[in-house]
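# Structural overview
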Amino acid sequence: VQLQASGGGLVQAGGSLRLSCAASRRTFSGYAMGWFRQAPGKEREFVAAIRWPGGTTYYTDSVKGRFAISRDNAKNTVYLQMNSLNPGDTAVYYCALGLRIITSAIRRPLSYDSWGQGTQVTVSS
């Protein structure tokens, strides 16, 4: 499965962006879609994930209440709505697909099988 991430850009602090991640084909078995980010000089970190079927969502503490992950089955697309952005959110954002992930491992990058190319999000102060 190939993933195509889009929607990044430059936004002022307090602003919003919506990232999209389109999958090349539908995945019928259970899976999780996640968003990760990587700032310069830092490790890739977990942001959010959604499990399917069921739609259970997971977030890192720093984005809870500001970010929302969702999916559109008909479009094979996962979204990350990002509100109240701050300069600390500046990073390259990556989407990822994991076909067999246990809940305890859903925040680990190595749990995921396919990755999108990344989209830059820059938040100015």
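Only a predicted model underlies this, so the values are computations on that prediction, with no experimental measurement involved.

Right, let's get into the state of the cysteines. Summed over all chains, the structure comprises one disulfide. One disulfide in the model links C21 with C95; its S-S distance is 2.1 Å. In this structure the cystine formed by C21 and C95 twists about its S-S bond by roughly 65°; its chirality is therefore right-handed. On the criterion of sequence distance, the pair formed by C21 in strand β3 (residues 17-23) and C95 in strand β9 (residues 91-98) is long-range, its members being 74 residues apart. Side by side, C21 and C95 carry an identical accessibility label, which is buried.

Summed over all chains, the structure comprises four aromatic pairs. Judged by centre distance (5.7 Å) and plane angle (75°), the rings of F36 and F46 are edge-to-face. Placement of the pair is F36 in strand β4 (residues 31-38) and F46 in strand β5 (residues 45-52), with a sequence separation of 10 residues. Judged by its relative accessible area of 7%, F46 falls in the buried class. The structure contains a cluster of three or more aromatic residues connected by ring pairs, namely F36, F46, Y112 and W115. One cation-aromatic arrangement involves R71 over W52; the distance from NZ or CZ to the ring centre is 4.9 Å.

In summary, soluble globular proteins display a tendency toward joint burial of nonpolar side chains. Within the largest apolar cluster, 28 residues are counted, with the highest numbers of intra-cluster contacts made by W35, L80, M82 and Y93. F36, A49, Y58 and A96 belong to the second-largest nonpolar core, a separate cluster that totals 10 residues.

Turning our attention to the pairing of strand β1 (residues 3-6). A one-sided burial pattern is seen for β1, the buried positions being L3 and A5 and the unburied ones Q4 and S6. Note that β1 and β3 share four bridges and pair antiparallel. The residue of β3 that forms the bridge with S6 is S20.

What counts, and at which threshold
Residues numbered from 1 in each chain as written. Predicted model: local features only at pLDDT ≥ 70, side-chain atom pairs only at ≥ 80, totals over all residues. Heavy atoms only, no water. Disulfide = S-S within 2.5 Å. Helix = DSSP H or I, 4+ residues; strand = E, 2+ residues; numbered from the N terminus. Buried < 20%, exposed > 50% of the residue type's maximum accessible area, 1.4 Å probe, protein only. Phe/Tyr/Trp six-rings, centres within 6.5 Å; stacked < 30°, edge-to-face > 60°. Lys NZ or Arg CZ within 6 Å of the ring centre and 35° of its normal. Core = buried A, V, L, I, M, F, W, Y, C linked by side-chain atoms within 4.5 Å. Pairing = 2+ DSSP bridges.

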